[in-house]
There are 6 protein chains.
Amino acid sequence: MILEEIYKEEIEKAKILVEALPYIKKFSGKIVVIKYGGKAMDNDQIKKMIMQDIVLMKYVGLHPVIVHGGGPEINKMLKRVNIESKFVNGLRITDKETMEIVEMVLVGKINKEITSLINQLGGSAIGLSGKDANLLIAKKDISNGDIGYVGEIVDVNKEFLITILKDGYIPVIAPCAIGIDGNTYNVNADTAAGKIASILKADKLILLTDVAGILRDRKDERSIISQINYQDSKELLNSNLITEGMIPKLKCCIQAVEEGVERAHIIDGRIPHSLILEIFTKKGIGTMITKESYNNENF
Amino acid sequence: MILEEIYKEEIEKAKILVEALPYIKKFSGKIVVIKYGGKAMDNDQIKKMIMQDIVLMKYVGLHPVIVHGGGPEINKMLKRVNIESKFVNGLRITDKETMEIVEMVLVGKINKEITSLINQLGGSAIGLSGKDANLLIAKKDISNGDIGYVGEIVDVNKEFLITILKDGYIPVIAPCAIGIDGNTYNVNADTAAGKIASILKADKLILLTDVAGILRDRKDERSIISQINYQDSKELLNSNLITEGMIPKLKCCIQAVEEGVERAHIIDGRIPHSLILEIFTKKGIGTMITKESYNNENF
Amino acid sequence: MILEEIYKEEIEKAKILVEALPYIKKFSGKIVVIKYGGKAMDNDQIKKMIMQDIVLMKYVGLHPVIVHGGGPEINKMLKRVNIESKFVNGLRITDKETMEIVEMVLVGKINKEITSLINQLGGSAIGLSGKDANLLIAKKDISNGDIGYVGEIVDVNKEFLITILKDGYIPVIAPCAIGIDGNTYNVNADTAAGKIASILKADKLILLTDVAGILRDRKDERSIISQINYQDSKELLNSNLITEGMIPKLKCCIQAVEEGVERAHIIDGRIPHSLILEIFTKKGIGTMITKESYNNENF
Amino acid sequence: MILEEIYKEEIEKAKILVEALPYIKKFSGKIVVIKYGGKAMDNDQIKKMIMQDIVLMKYVGLHPVIVHGGGPEINKMLKRVNIESKFVNGLRITDKETMEIVEMVLVGKINKEITSLINQLGGSAIGLSGKDANLLIAKKDISNGDIGYVGEIVDVNKEFLITILKDGYIPVIAPCAIGIDGNTYNVNADTAAGKIASILKADKLILLTDVAGILRDRKDERSIISQINYQDSKELLNSNLITEGMIPKLKCCIQAVEEGVERAHIIDGRIPHSLILEIFTKKGIGTMITKESYNNENF
Amino acid sequence: MILEEIYKEEIEKAKILVEALPYIKKFSGKIVVIKYGGKAMDNDQIKKMIMQDIVLMKYVGLHPVIVHGGGPEINKMLKRVNIESKFVNGLRITDKETMEIVEMVLVGKINKEITSLINQLGGSAIGLSGKDANLLIAKKDISNGDIGYVGEIVDVNKEFLITILKDGYIPVIAPCAIGIDGNTYNVNADTAAGKIASILKADKLILLTDVAGILRDRKDERSIISQINYQDSKELLNSNLITEGMIPKLKCCIQAVEEGVERAHIIDGRIPHSLILEIFTKKGIGTMITKESYNNENF
Amino acid sequence: MILEEIYKEEIEKAKILVEALPYIKKFSGKIVVIKYGGKAMDNDQIKKMIMQDIVLMKYVGLHPVIVHGGGPEINKMLKRVNIESKFVNGLRITDKETMEIVEMVLVGKINKEITSLINQLGGSAIGLSGKDANLLIAKKDISNGDIGYVGEIVDVNKEFLITILKDGYIPVIAPCAIGIDGNTYNVNADTAAGKIASILKADKLILLTDVAGILRDRKDERSIISQINYQDSKELLNSNLITEGMIPKLKCCIQAVEEGVERAHIIDGRIPHSLILEIFTKKGIGTMITKESYNNENF
């Protein structure tokens, strides 16, 4: 038929859409918590693609939840207002003044930009901080001594998040928590995402990072460990395979899986449409940390 | 990055998925009534692709409703049980015995095959005849004289269909109606689809046919009329552009649009993934009959 | 009063209605699964009375579910299309061609006739096959060797049935199941009814048969065993009291009771209004298989 | 069959139950307001039959609402506490002391007896006075001069009654209203029933009286007018066919029909199961006042 | 500011309202069962204040349930109808005739007065007796021999009460129960309140009495025991601190707490706004019987 | 009684609570939009009192909605980052850089402080900007020429706000809107509050200001106009009674009333518990703009 000729390209596209069907079906109604941060925040094109991916996820039946970091905006603003960053053992000391700037940038700038971008792309997002409806309750994190207003999450308002998801909204969460002492605390975005995922019993926790995943050979992205169960990954922590920056991310994934999240992923957010690649294609990308020691499912 | 190299093909696929987002968003929650019949029923591969398209539609938020015809199966069975087909002016006389066979084949064979195929592909279909919950009520159609148990729909159980759609099922409807006189009536599948679409105030009525659409030059599929408003198409009816077989299909589309359906489509069901092409790509296929005389929307 | 004279007959009727009140109250909201088959299908008058009984049950607050057999229609049709019935050890071999005819007759003819009759009598029935919403899932039954597409139910879509009952419909189920291998399977209607009853935790399973019930003396219907607990009835199976045809029926009742159905009944469907007699009168009819060894309730 | 012999009587009963089906279907979900009073209150057997009828109505899907009068109990109690009944033009003067006794007897005795009897018969009744949830609001009725705390209903709490009916309860209402001046008012039970029926848009208002209905010849119950439209009945009011006691009852029926009640009935409550006769048999009893001048329906 | 001068008094009032906030928050959504009886029923001013308190409680989010006694009205009426009160060991023998008068007064007079008063004050009350919806089921109380129709509650229709509370109504309950033998029984109002509170798992049971609470020195109201746990109070029962009249009240409180009520209170109903004092002020009044041996909460 | 002596003070407080009942009843379920800004933001004690008032309002059944301004924090921050404020005709030019700082302070600081304070006081607040769920849509306001990103609200997401209110939350809204051009716009908080109130059909719009209300004599707060209808207030606009700062506030009130708000209030937010004074006391404070020309209600 001549028509098939004319529509050749469109038919190819249609086939690709239909190929996604098993994945759409598999994840329909599932909650996916996505940590968005790092270099993926700087590049406007990548940012837009990630948000498109998230809106698509929502429209085809998943429930994405976004937790974002602060990226270089915070440092830029601190510098602008002449707040000098002090460090103890490489950790920034967050005094009250710093915390105020951090909160303003995270909640008043980055959070709103993401929220707004999603809404422009056709989704319906609500930007939230941990203070809204007491979403994130924290206590002072003293695991590295007293470095100021750095918190550890002790509770998440699960009911509030579930209501928002059911109502069709995409929650975009800035990791500023309200302390049990009434102060504002900065919490690590990876850890916050992990905690939110485990409390929501999410199907997936996805950390968007600046690396390909966990590599057997740091210099070769082809050496990536595609899948590993969480117990084996504990051993990895003690090996020298894992770079310093990867350690907290892997720990966060392990804990999330231990606390009930089905799968945790470390993927490279700089890859175009990395979320779609991970969720809707057979290949998947990055490293997946699972509960089971062997995953013999077809997808 | 080397990763982008590795995932090149997948990224292209992801882009195509994302391209569908505006269409998914546009039709989210909309009802689409699809008449499935003709040669598209004979080819197993085409059949499967159509059902995949329908399942995909359901998963991404549309509400497809299928009305199917009988295809060659009915003739085959009539022959097998030695019922001779009698015709008056080219119209088959449907006596009680014929009607029984027609119903058995439509409801007990074709309907169940479609239902079953959709379920295998991951959807959740319910096969219905016009007798279930008095879904289709008919009276004798005497517009061509008394040719037996051929009916004209006088009522559709809208509430029942809406309930099924809301519950997440795909209704698959065999066009056998219950008469107001208690007899069984065969109704034309195109007309049934049109009536169901107008009662459901569907967004789209799509007739899957064996032709490219309405052509200006019957010998050239490239001469297709992509879009025409329903008043202009009435004039077409009187022209010699329209083949005999197309006349009732076009009439059916015109009536549906007059009765509140947003758009009616005549498309070639033999094209792979024709439904996806029509709904989720910019180009669209076939001929679209609309209410408005000029459609300046972007899609 | 002269009025009492005039209305003497009506008052008697009213008294009879009021006598039914305790039974209506007792079974309000309960599920009753009815296997309808055998000779009760041939007689139009009996058929109508059974359907009236079922509609009445629905209107006074019970939830009837019908599972029907095929009766002589199947054989008639097989003969008509020249399919010779082959038997092994008295069991019909159901090849693909036979299965197709069986399905067409069960789903496309008998099921629709019952559905339509109920609707004419004022109920609202939906005819279903095991393929609709994957209602009945089966695997090949090899307990008698490979005799073709004869299946054993492995799952019932309970949620779908409950939804239909709550929405006020009467489900009419043809015992054609979808195999886990994708093929169509014929399942025994008694067994299907029993399985459906136990999955729905029905209050009653009623098998409408061609005999009075289980008789102590086969030649004397007055020797009927009115009530027996399911453990005692297991012993009956080994006695010579039970005719060959009764064995699978009794087994089916025993299993249903073991799996949670309150009471299973074998009654004579040829008795006018046998269902009403069983449910709404003190006497009851047929044989009742119960969980308890002694039933001292008043009804 | 010998079984049919044995069950002959039961089968007859079953037939009678089934005969009621069209009526059950017709009135399913309909509201019926019943005024219960007069001699039908004195006879314990009749009282029980009426309450059985009402419970049966509820179980088969109607929504009965009862408004009761006081019968001779009020006079007995007034006498017992030495309150002398004073009359002006045949109307009792209801002073505060009298009103208190009337309320105590109506609300604290008769209402509770009826409520309790219904509950014993398997229904679930709630006894209410006009003061509960401000069910009946009245103003002083001065149409016969100032005769004390005799009221005219100005408002009914429809929402409250609907809630009770939906929750499955049978409301039993004593016609004591709360005045807009805060005082307690006695209202005529017939009028209260009529008002409640019209506000609820009831399908039927049934006045249970001590007479056969409206007779053409007062001495012959056979001369009863079975059906009359409300406009014709207005002319009857001016004729000498209507006895004095019947005038307010007929007026009440006419007004109810004018205000939206489908049918109003004056029937003889002393006839056993008069309500069942009226609703569930073809003959019906008493006099029916309708909107239409000619009733050609089948029932 | 001059304005602060002008509004000085109002600002003081506003402060008092705001001071109530922690208590309003604490008891939001909680059920409080209040026994209203004794001298607090005689004084119209006190009665009005108590009902205002109850309406306020409902408006600010609590769910009050009222159980009332009969006060002197019953005796007055018994005297008026010449029923001589007979006593055995100080307990009144309640024969059928007495029971009838008791019910008429409780249900037909006192209950309606309270209901009506609440409605006038802006609440929405429903007056109920134990017969409505079988709210209170009793058996004969023979703990003091056969003294007639005196009952002991064996069941409460919890679901009915919860529905009424959720619908926004204030239930006002007269302690007349329906016997399992079908007779009417008088039940002690304190005990009824206690039973209702424990079945509803109320947060508070409050007995409005004519005394300040439990006093260490009967002659000094300042010697009041403000708080005592229920085990310690059992010992009190055997001491001579408790007056005869207080014994059943204290027993009732102990039992309620044992059966799951959070706190039981004996307070002086004659104090203006005693309910508000107890619930919305820091001081509280009367004696509180608790589960815990030490209450270190802030309120 | 000695107890009355002891509880004298508490009884006085209880009386005050009860006095609020008619107001609580009157406003139960009503929406009140409160503009919070100006000097009432600087004083921590006043701020706390206002938030207490709001929490109390929510607990006693009203639905407060807060719209806040920026106060001096914005200027402080602009200064800190060396953004010079440029003015045209006294209006600040809001360029992109300024807008970014404004948004950070409003959304990331002030909004979160208010939200957090309410939550600490026992309410459950959600902080929102106009970007969340596209809450506030704006277009460029060119009524004063092009002064940058200053917007005029063209749409409010009413459904989203209603959902939040029904779920029990207090929305706290920062007046940063999303432009139809995708840019961020600063909108005047008074106007935003007015628009939100009129779209929600609020019962009250309350502007918390730094003045007593509209005064007849600017130097005497006693000369306040307590109540004026919106048509009369239009004339006021042209008089010299109104100060420059008051003009936009009064205009905003007039427009809100014209668009369906019942009452608009200009009150002095610096008065302790000014909101409680306005809503729950007879006197009321400030100036009320109403629809009706004369308000003869009792409150």
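Just above, that's the structure.
One structure accompanies this document, and this report is about it. Here the structure is a predicted model, which means the values were calculated and not measured.

**A few points about the overall build of chain A**
Here's step 1: The helix and strand tally for chain A stands at 11 helices and 14 strands.
Here's step 2: For 299 residues, the compact-globule formula gives about 19 Å, and the C-alpha radius of gyration of chain A, at 20 Å, lands near that figure.
Here's step 3: For chain A, the C-alpha atoms occupy an extent of roughly 70 × 45 × 35 Å along the three principal directions.
Here's step 4: Per-residue burial for chain A yields a buried fraction of 60% across its 299 residues.
Here's step 5: A separation of at least 24 residues holds for 73% of the contacts in chain A among residues at least 6 apart in sequence.
Here's step 6: Accessible surface computed for chain A: about 12100 Å², of which carbon and sulfur atoms make up 46%.
Here's step 7: Separation of charge centres in chain A, based on 39 positive and 40 negative side chains, amounts to 0 Å.

**Quick look at the packing of aromatic side chains**
Residue and element names in this part refer to chain B.
Here's step 1: Applying the stated criterion to the full structure yields 12 aromatic pairs over all chains.
Here's step 2: Between Y149 and Y185 the ring centres are 5.6 Å apart and the planes differ by 50°, which places this aromatic pair in the tilted class. Here Y149, found in the loop between β6 (136-140) and β7 (151-156), pairs with Y185, found in strand β10 (residues 184-186); they are 36 residues apart in sequence, far enough to count as distant.
Here's step 3: Sitting above the plane of the Y149 ring, K140 keeps its charged end 5.6 Å from the centroid.

**Some thoughts on the relation of the copies chain A and chain B**
Here's step 1: Taken as rigid bodies, chain A and chain B are interconverted by a rotation of 180° and an axial shift of 0.1 Å, the fit giving an RMSD of 0.1 Å. The superposition of one copy onto the other is thereby described by a two-fold rotation axis. Ranked by how close their C-alpha atoms come to the rotation axis, the residues of chain A are headed by V60 of chain A, at 2.2 Å.
Here's step 2: A symmetric contact is evident, with 100% of the interface residues of chain A recurring at the interface of chain B.

**Quick notes on the interface of chain C and chain B**
Here's step 1: Contacts between the two partners involve 34 residues from chain C and, on the opposite side, 35 residues from chain B.
Here's step 2: Carbon and sulfur atoms supply 57% of the area buried between chain C and chain B, which totals about 2700 Å² over both sides.
Here's step 3: Among the residues chain C hides against chain B, the three largest losses belong to R80, M104 and K112 of chain C. Together they make up 22% of the total.
Here's step 4: At the surface where chain C touches chain B, the tally comes to six salt bridges.
Here's step 5: The salt bridge involving K109 of chain B is made with E100 of chain C; its shortest N-O contact spans 3.6 Å.
Here's step 6: At the junction of chain C and chain B, the tally comes to 10 residue pairs in polar contact (both at pLDDT 80 or more).

**Some points on the sheet that holds strand β11 (residues 204-209) of chain D**
Residue and element names in this part refer to chain D.
Here's step 1: Taken in spatial order, the eight strands of this open sheet run β5-β8-β2-β1-β11-β13-β14-β12, and their pairing is mixed. With one partner strand each, in any of the chains shown, β5 (125-129) and β12 (227-229) form the two edges of the open sheet. Ignoring which end each strand starts from, the neighbouring axes of this sheet average 20° apart.
Here's step 2: Where helix α7 (residues 158-166) meets the sheet, its contacts fall on β1 (31-36), β2 (63-68), β5 and β8 (170-174), and the angle it forms with β8 comes to roughly 140°.
Here's step 3: Along the sheet, helix α9 (residues 230-238) contacts β12 and β14 (287-290); its crossing angle with β12, the most-contacted strand, is approximately 95°.

**A closer look at the sheet that holds strand β10 (residues 184-186) of chain D**
Paired through backbone hydrogen bonds, the strands of a sheet run either parallel or antiparallel to each other.
Residues and elements named next belong to chain D.
Here's step 1: Spatial strand order, β7-β6-β9-β10: four strands in an open sheet with mixed pairing. The open sheet has two edge strands with one neighbour each: β7 (151-156) and β10. Taken pair by pair, the neighbouring strands of this sheet meet at an average axis angle of 50°, ignoring direction.

**Brief notes about the packing of helix α8 (residues 189-199) of chain B against helix α10 (residues 246-258) of chain B**
Residues and elements named next belong to chain B.
Here's step 1: Taken N-terminus to C-terminus, the directions of α8 and α10 make an angle of 10°; their axes are 9 Å apart at the nearest point. By the angle between their axes, α8 is roughly parallel relative to α10. Counted together, D190, T191, G194, K195 and S198 of α8 and K249, C252, Q255 and A256 of α10 form the full contact between these two elements.
Here's step 2: Tallied by class, residues from the contact of α8 with α10 come to two nonpolar, four polar and three charged.

**As for the interface of chain A and chain B**
Here's step 1: With 44 residues of chain A at the contact, the number on the chain B side is 44 residues.
Here's step 2: A combined buried area of about 4300 Å² lies between chain A and chain B, and 78% of that area is made up of carbon and sulfur atoms.
Here's step 3: Looking at the side of chain A facing chain B, the largest losses of area belong to L17, L21 and Y59 of chain A, adding up to 15% of the total buried there.
Here's step 4: Ionic pairing is found between E19 of chain B and K13 of chain A, a salt bridge with its closest N-O pair at 3.1 Å.
Here's step 5: Taken together, the links from chain A to chain B amount to five residue pairs in polar contact (both at pLDDT 80 or more).
Here's step 6: Residue assignment for the side of chain A that touches chain B shows that the elements contributing at least two residues are α1 (2-6), α2 (8-19), α3 (21-27), α4 (44-59) and α11 (274-280) of chain A.

**Examining the environment of I178 of chain A**
Here's step 1: Inspection of the secondary structure assignment puts I178 of chain A in strand β9 (residues 176-179).
Here's step 2: On the basis of relative accessibility, which here comes to 5%, the residue I178 of chain A falls in the buried class.
Here's step 3: For I178 of chain A, the contacting residues outside a window of four places in its chain are G130, K131, N134, L136, I137, A138 and N183 of chain A together with S116 and Q120 of chain F.

**Regarding the environment of N188 of chain F**
All names here are of chain F.
Here's step 1: Here N188 is to be found in the loop between β10 (184-186) and α8 (189-199).
Here's step 2: According to the relative accessible area criterion, N188 is partly exposed, its value standing at 43%.
Here's step 3: Along the sequence, N188 and G151 sit 37 residues apart, while their C-alpha atoms lie 8.0 Å from each other.
Here's step 4: From its side chain, N188 meets the backbone nitrogen of D190 in a polar contact 2.9 Å long.
Here's step 5: A distance of 2.9 Å separates a polar atom in the side chain of N188 from a polar atom in the side chain of T191.

**Considering the side chain of K47 of chain B**
Residues and elements named next belong to chain B.
Here's step 1: Position of K47 among the secondary structure elements: in helix α4 (residues 44-59).
Here's step 2: Given the relative accessible area of 13%, K47 is considered buried.
Here's step 3: Sequence-distant contacts of K47, that is, excluding residues within four places in its chain, are made with Y36, A40, M41, E113 and L117.

Basis of the calculations
Residues numbered from 1 in each chain as written. Chains lettered and ligands numbered in written order. Predicted model: local features only at pLDDT ≥ 70, side-chain atom pairs only at ≥ 80, totals over all residues. Heavy atoms only, no water. Helix = DSSP H or I, 4+ residues; strand = E, 2+ residues; numbered from the N terminus. Rg over C-alpha atoms; globule rule 2.2 N^0.38 Å. Buried < 20%, exposed > 50% of the residue type's maximum accessible area, 1.4 Å probe, protein only. Contact = heavy atoms within 4.5 Å. Areas by Shrake-Rupley, 256 points an atom, 1.4 Å probe, with all protein chains shown as cover. Lys, Arg positive; Asp, Glu negative; His and termini not counted. Charge placed at Lys NZ, Arg CZ, Asp CG, Glu CD. Phe/Tyr/Trp six-rings, centres within 6.5 Å; stacked < 30°, edge-to-face > 60°. Lys NZ or Arg CZ within 6 Å of the ring centre and 35° of its normal. Least-squares fit on C-alpha atoms with pLDDT ≥ 70 in both. Buried area = accessible area lost by both parts, 1.4 Å probe. Salt bridge = Lys/Arg side-chain N within 4 Å of Asp/Glu carboxyl O. Polar contact = N/O pair within 3.5 Å; in protein donor to acceptor, adjacent residues only side chain to side chain. Pairing = 2+ DSSP bridges. Axes fitted to C-alpha atoms, helices over the stretch in contact; angles between N-to-C directions. Parallel < 35°, antiparallel > 145°, perpendicular 65-115°, else oblique. Nonpolar A, V, L, I, M, F, W, Y, C, P; charged D, E, K, R; others polar.

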